[in-house]
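Spelled out, the chains give:
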Amino acid sequence: MTTTSATDDVLARARQRATPLRRALIAWFAREQRELPWRATRDPYAILVSELMLQQTRVDVVIPYFERFMQRFPDARTLAAAPEAAVLAAWSGLGYYRRARFLQAAAHAIVDEHRGAFPRSHDAILTLPGVGPYTAGAIASIAFGLPVPLVDGNVARVLARWFALDGDQRSSADQKRLWAIADALVDAANPGDFNQSLMELGACICTPRAPRCSSCPVARECDAKKLGDPERFPAAKPRKATIDVRLAVLAVFDAKRRIGLVRRAAGTRMEGMLDLPGLEIAADDDAASELARHARSAFRIDARTLELAGRARHTITHHRIAIEVWTATLGNGTSAKGSSVREPAPLGIAARPDAAGLTFWDPARLRAEGVANLAGKALRIVGIAHARHA
Ligand code: SF4
């Protein structure tokens, strides 16, 4: 818990060191910064796209997505006018699809509420959907040169080390203190480069493990280095226990070798993405029976025999998922690999493909669709390489 006098003390130290820190950091950034596509522009829309993509995703993964996305949706008007499915397809493989929806909602707000012009004030930027204080700080300082601070995970770590701050820095009082420190430090003459250099230092030098203090441009100003154990700051957050999940999914083909997929429901994770039907099962369940029962009740598919096509693993946050992919073929009473599958019930999928939320897709058409990452792995097992997972 941070006391007022502790905050006053650290703010005083921050103001004292602001000038040498800014000078050393910006000079280092000018020499050493990585060439990244979003750094070649001051376009606030491009910076917004990059910042949303970079949330919880590595830079090297984001680069090709960013370049493709900017080619396909070069400005807010184009993005606002695009079908949501096309936006999700362009995002497919990046994960955390809420970000894609927020991005399109922000584009709508720019078009509808700001006549297509990106808002220029920090407060107005903050009102855009999906834009929190960090992203607003990045856009305002980099695109518009406004002297506003930003704090993300990298910046929080760097500040905690510069000033040897105790605690894990996630409590609201500690967060408030970090923002106050960042505000005291931001360079009014060059806020965009200062903020980017702070983030770059955290990403490349002052890393969570084994910070490269001997290459650090601000080592002389760093309290954690002086104390001899920089990794001690900030305190490690307690890890969530891993949860093991067993998931059985069904790759069901029709007679034309089209695959049956469901669209994830509103309000669920990866809403709107295509997915394989399936269910979570217990460790000692008979996967084939459980899946057959599910196929019958949810989709009216009477699959008496299913065949195991393969297994995959997938991790989402602290969930470790073991996936089993089972296949069946509909149409002539024979499954893909010779197993027996009865024709569907009268109202079954052969007669009304959309009746129970299952739609059959030609694999080639999937390239234009957003497919959940986990489903992408399962599809590969049955020989379908979605474009984003190829
Ligand atoms: S001296 Fe080390 S701990 Fe301090 S900011 Fe630089 S890299 Fe981080």
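Along each chain, residues carry numbers from 1 onward, in the same order as the chain's sequence is written. Local features are withheld for residues below a pLDDT of 70 in this predicted model, meaning they are given only at 70 or higher, and side-chain atom pairs are given and counted only at 80 or more; totals for whole chains, interfaces and linings count all residues. With hydrogens and water excluded, all non-hydrogen atoms of the structure serve as input to the side-chain values.

(A) The nonpolar core, seen in detail. As used in this record, nonpolar core signifies buried Ala, Val, Leu, Ile, Met, Phe, Trp, Tyr and Cys residues forming a set joined through side-chain atoms within 4.5 Å. The classification of residues rests on relative accessible area computed with a 1.4 Å probe and restricted to protein chains. Under 20% of the type maximum is buried, over 50% is exposed, and intermediate values are partly exposed. One finds Phe69, Trp162, Leu185, Leu201 and Ile259 to be the most contacted residues of the largest nonpolar core, which totals 108 residues. Looking at this core element by element, the count peaks at 9 residues for helix α1 (residues 4–32). Looking at which domains feed residues into this core, each of domain 1 (4–232) and domain 2 (243–389) supplies at least three. Excluding residues within four positions of it along the chain, isoleucine 259 makes contact with Ala251, Val252, Phe253, Leu276, Thr359, Phe360, Trp361, Leu366, Leu379, Val382 and Ile384. Counting 20 residues, the second largest nonpolar core, distinct from the first, contains Leu250, Ala288, Ala295 and Ala303. Only DSSP runs of H or I with at least four residues qualify as helices, and only runs of E with at least two residues qualify as strands; both kinds are numbered from the N terminus onward. An automatic or database domain assignment provides the domain bounds reported here. Residue contacts are counted whenever heavy atoms from the two residues lie within 4.5 Å of one another.

(B) Examining the packing of helix α2 (residues 44–54) against helix α3 (residues 59–72) more closely. All axes are obtained by fitting lines to C-alpha atoms, using only the stretch in contact for helices, and the reported angles, taken between N-to-C directions, cover 0 to 180 degrees. Across the interface, α2 lies against α3 with an axial gap of 10 Å and an inter-helix angle of 140°. By the criterion of interaxial angle, the relationship of α2 to α3 is oblique. When the axes of α2 and α3 are compared, the crossing they make is right-handed. Listed contacts from α3 to Tyr45, Ala46, Val49, Ser50, Met53 and Leu54 of α2 are Val59, Val62, Tyr65, Phe66, Phe69 and Met70. Charged residues are taken to be Asp, Glu, Lys and Arg, nonpolar residues to be Ala, Val, Leu, Ile, Met, Phe, Trp, Tyr, Cys and Pro, and polar residues to be all remaining types, Gly included. When grouped by side-chain class, the residues that make up the contact of α2 with α3 number 11 nonpolar, 1 polar and no charged. When describing relative orientation, an angle under 35 degrees is termed roughly parallel and one over 145 degrees roughly antiparallel, while 65 to 115 degrees is termed roughly perpendicular and anything else oblique. Handedness of each helix crossing follows the sense of rotation of the near helix against the far helix: counterclockwise by less than a right angle gives left-handed, clockwise gives right-handed.

(C) Here's a closer look at α2. Burial within α2 is extensive, with 10 of its 11 residues counted as buried. Within the span of α2, buried status applies to Pro44, Tyr45, Ala46, Ile47, Leu48, Val49, Ser50, Glu51, Leu52 and Met53. What qualifies as a polar contact is a pair of N or O atoms within 3.5 Å, subject to a donor-acceptor requirement within protein and to the restriction that residues adjacent in sequence count only when both atoms come from side chains. Its side-chain oxygen 3.0 Å from the backbone nitrogen of tyrosine 45, aspartate 43 forms the N-cap of α2. A positive phi of about 60° marks glutamine 56, the residue just after α2.

(D) Highlighting the pairing of strand β1 (residues 243–253). Buried residues dominate β1, accounting for 9 of its 11 residues. Two strands pair if DSSP finds at least two bridges between them. As paired strands, β1 and strand β6 (residues 319–329) are joined by 11 bridges and run parallel to one another. Bridge pairing in β6 places alanine 248 opposite glutamate 324.

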